[in-house]
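So you can see what is in the structure, the chains are spelled out below.
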Amino acid sequence: MTQLLRYKWVLAAIAVDVGVVIWNPSLGARIADRTADSFLEMLSFLPPIFIILGLLDTWVPREKVVSHMGPGSGFSGLILATMLGSFAAGPLYGAFPVAAVMMKKGAGYFNVMVFIGAWSTLKVPMFLFETQFLGSSFSITRWLCSFVGVVFIAAVISRLITDDEQQAIYAKHK
Amino acid sequence: MDIVLFYTLAAAGLTWSYYKDRQKTKQSLTKAWKAFNNILPALAFVILLIGATLAVVSPEKVSQLLGSSSGAGGMVIAATIGSITLIPGFIAFPLAKAVLDMGAGILQVAVFISTLMMVGVVTAPMEAQFFNRKTVLLRNGLSLLFSFVVAVVLNQVVGR
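On a predicted model such as this, the values are computed, not experimentally measured, just so you know.

Thresholds, definitions, all that
Residues numbered from 1 in each chain as written. Chains lettered and ligands numbered in written order. Predicted model: local features only at pLDDT ≥ 70, side-chain atom pairs only at ≥ 80, totals over all residues. Heavy atoms only, no water. pLDDT = per-residue confidence, 0-100. Helix = DSSP H or I, 4+ residues; strand = E, 2+ residues; numbered from the N terminus. Salt bridge = Lys/Arg side-chain N within 4 Å of Asp/Glu carboxyl O. Buried < 20%, exposed > 50% of the residue type's maximum accessible area, 1.4 Å probe, protein only. Axes fitted to C-alpha atoms, helices over the stretch in contact; angles between N-to-C directions. Parallel < 35°, antiparallel > 145°, perpendicular 65-115°, else oblique. Left-handed = near helix turned anticlockwise from the far one by under 90°. Contact = heavy atoms within 4.5 Å. Domains from an automatic or database assignment. Buried area = accessible area lost by both parts, 1.4 Å probe. Polar contact = N/O pair within 3.5 Å; in protein donor to acceptor, adjacent residues only side chain to side chain. Nonpolar A, V, L, I, M, F, W, Y, C, P; charged D, E, K, R; others polar. Phe/Tyr/Trp six-rings, centres within 6.5 Å; stacked < 30°, edge-to-face > 60°.

### Brief notes about the confidence of the model for chain A
In low-pLDDT regions, the fine details of the predicted coordinates are not to be read closely.
Line of reasoning, step 1. Scored by pLDDT, chain A has a mean of 86; 93% of the residues are at 70 or more.
Line of reasoning, step 2. Across chain A, element-level confidence peaks in helix α9 (residues 136–160) of chain A with a mean pLDDT of 96 and bottoms out in helix α4 (residues 62–69) of chain A with 67.

### Notes on the environment of Phe75 of chain A
Line of reasoning, step 1. Position of Phe75 of chain A among the secondary structure elements: in helix α5 (residues 74–86).
Line of reasoning, step 2. Along the primary structure Phe75 of chain A and Arg6 of chain A are separated by 69 residues, whereas in three dimensions their C-alpha atoms are 41 Å apart.

### Structural notes on the pattern of salt bridges
Line of reasoning, step 1. Here the structure, examined in full by the defined rule, presents three salt bridges over all chains.
Line of reasoning, step 2. With its nearest N and O atoms 3.0 Å apart, the salt bridge here joins Glu165 of chain A to Lys134 of chain B. With one member in each of two chains, Glu165 of chain A in helix α10 (residues 163–171) and Lys134 of chain B in helix α8 (residues 133–158) form a pair that bridges those chains.
Line of reasoning, step 3. Residue Arg139 of chain B is joined to Glu127 of chain B by a salt bridge in which the shortest nitrogen-to-oxygen separation is 2.6 Å. Within this pair, whereas Arg139 of chain B is found in helix α8, its partner Glu127 of chain B is found in helix α7 (residues 124–130), the two being separated by 12 residues in sequence. Of the two residues examined, Arg139 of chain B and Glu127 of chain B, each falls in the buried class.

### Examining the packing of α9 of chain A against α8 of chain B
Line of reasoning, step 1. Running from amino to carboxyl end, α9 of chain A crosses α8 of chain B at an angle of 150°, the nearest separation of the two axes being 9 Å. In terms of axis orientation, α9 of chain A runs roughly antiparallel to α8 of chain B. The chirality of how α9 of chain A crosses α8 of chain B is right-handed. Along the contact surface, α9 of chain A presents Ser137, Phe138, Thr141, Arg142, Cys145, Ser146, Gly149, Ile153, Val156, Ile157 and Leu160 of chain A, while α8 of chain B presents Lys134, Thr135, Leu138, Arg139, Leu142, Ser143, Phe146, Val150, Val153, Leu154, Val157 and Val158 of chain B.

### A word on the domain arrangement of chain B
Residues and elements named next belong to chain B.
Line of reasoning, step 1. On domain assignment, one finds that chain B holds domain 1 (1–56) and domain 2 (58–160).
Line of reasoning, step 2. Contacts between the two partners involve eight residues from domain 1, matched on the other side by seven residues from domain 2.
Line of reasoning, step 3. Carbon and sulfur atoms supply 82% of the area that domain 1 and domain 2 bury against each other, a total of about 710 Å² over both sides.
Line of reasoning, step 4. For the pair domain 1 and domain 2, the interface holds zero salt bridges.
Line of reasoning, step 5. The interface formed by domain 1 and domain 2 holds zero residue pairs in polar contact (both at pLDDT 80 or more) in total.
Line of reasoning, step 6. Partitioning the side of domain 1 that touches domain 2 into residue classes produces seven nonpolar, one polar and no charged.

### Quick look at the interface of chain B and chain A
For interface size, the figure often reported is the accessible area lost on association.
Line of reasoning, step 1. The partner chain A presents 71 residues to the 72 residues of chain B that form the contact.
Line of reasoning, step 2. Where chain B abuts chain A, roughly 6,400 Å² becomes buried across the two surfaces, and 78% of that area is made up of carbon and sulfur atoms.
Line of reasoning, step 3. Where chain B meets chain A, there are one salt bridge.
Line of reasoning, step 4. Our count for the chain B to chain A interface comes out at 10 residue pairs in polar contact (both at pLDDT 80 or more).
Line of reasoning, step 5. At the level of elements, α1 (2–20), α2 (22–56), α5 (89–101), α6 (106–118), α7 and α8 of chain B are the ones that each hand at least two residues to the side of chain B that touches chain A.
Line of reasoning, step 6. In terms of residue count, α2 of chain B provides more of the side of chain B that touches chain A than any other element does, 25 residues in total.

### A short note on the domain arrangement of chain A
Line of reasoning, step 1. In terms of domain boundaries, chain A breaks down into domain 1 (1–44) and domain 2 (60–171).
Line of reasoning, step 2. Here domain 1 of chain A and domain 2 of chain A have C-alpha centroids that lie 32 Å from each other.

### What to know about the side chain of Thr135 of chain B
Line of reasoning, step 1. By the element assignment, Thr135 of chain B lies in helix α8.
Line of reasoning, step 2. Among the polar contacts made by the side chain of Thr135 of chain B, one reaches the side chain of Tyr109 of chain A at a distance of 2.7 Å.
Line of reasoning, step 3. Contacts of Thr135 of chain B, omitting those with residues within four sequence positions, involve Tyr109, Met113, Ile157, Ile161 and Ile169 of chain A.

### Overview of the packing of aromatic side chains
Line of reasoning, step 1. What the rule picks out here adds up to 10 aromatic pairs over all chains.
Line of reasoning, step 2. Considering the side-chain rings of Trp9 of chain A and Phe45 of chain B, the 6.2 Å spacing of their centres and the 55° angle between planes classify their relative orientation as tilted. In this pair, Trp9 of chain A sits in helix α2 (residues 8–23) while Phe45 of chain B sits in helix α2, so the two residues belong to two different chains.
Line of reasoning, step 3. Residues Phe50 of chain A and Phe36 of chain B carry aromatic rings whose centres are separated by 5.4 Å and whose planes lie at 75° to one another, so their mutual orientation is edge-to-face. Pair noted here: Phe50 of chain A is in helix α3 (residues 25–59) and Phe36 of chain B is in helix α2, and the two residues belong to different chains. The burial state of Phe50 of chain A is the same as that of Phe36 of chain B; both residues are buried.
Line of reasoning, step 4. Counting every residue linked through ring pairs, the aromatic cluster contains Phe96, Tyr109 and Tyr170 of chain A together with Phe130 and Phe131 of chain B.

Dropping the structure here:
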């Protein structure tokens, strides 16, 4: 029953989709088609992400990350968080479980937010792809602006989140 | 490309780990499965939403809405589409180029690309599970505003 409850939104979405199939079969077929496509896409890139995650979780010693990306890590922590995020691949929600591991290992909230921002918009594979399609002046300008923006946004968030709120967030990933 | 790299990394990591310590390798895989199982409900919901969004919103409609004559209204529409949809980069960049070639403004395309990457309305509930509501509102809200700044700068640098 609790298992079923975890999936209540999934079941609701499936119910809506089934309703669409009955009401408009051609639209329904298109939805089924696209859903199957994105399902296969996720399925294809998620296993290695989670295996790498599991390995990192087991093998990276807590102290090591704390000393490199902890709350007092300054500039080197910022650079490390940016690199960790931009050498990644996959959509943004792939970054959340990694951020959870970072918090579990004691990384500072500012660095976690820099990591999320870097993953969202500074990814190197995407940068190369963007350069190919939109030109290097577009992609380089956007990358540099975004880097400034990511650091600024991370600074604002870590300033505005109180210590209590931060403790509550970190407690989720103990 | 990304996928090949990821599988190579995972395989190399597993081989190294297995060689070093079998017990830790088993532990790693258990942790991997637990983490996956944790986000599976949210993930499945996202997949269903993506499927429906891609079926309802066609690339032609996107091109039409982002036309060069759309001005500030077009930027707002671009930001809305970019924030809500989860179009993978390998579809979004070719689409952006097509839209640009059809005479769309840099402003609209830049706002679209930037919000697409940084703002995630659909994934916000999942994000809130990992952080908290305040963080999610701040990150997505500031990223949305920031996307307009990026667009103005890009327009200055590459706009004709």
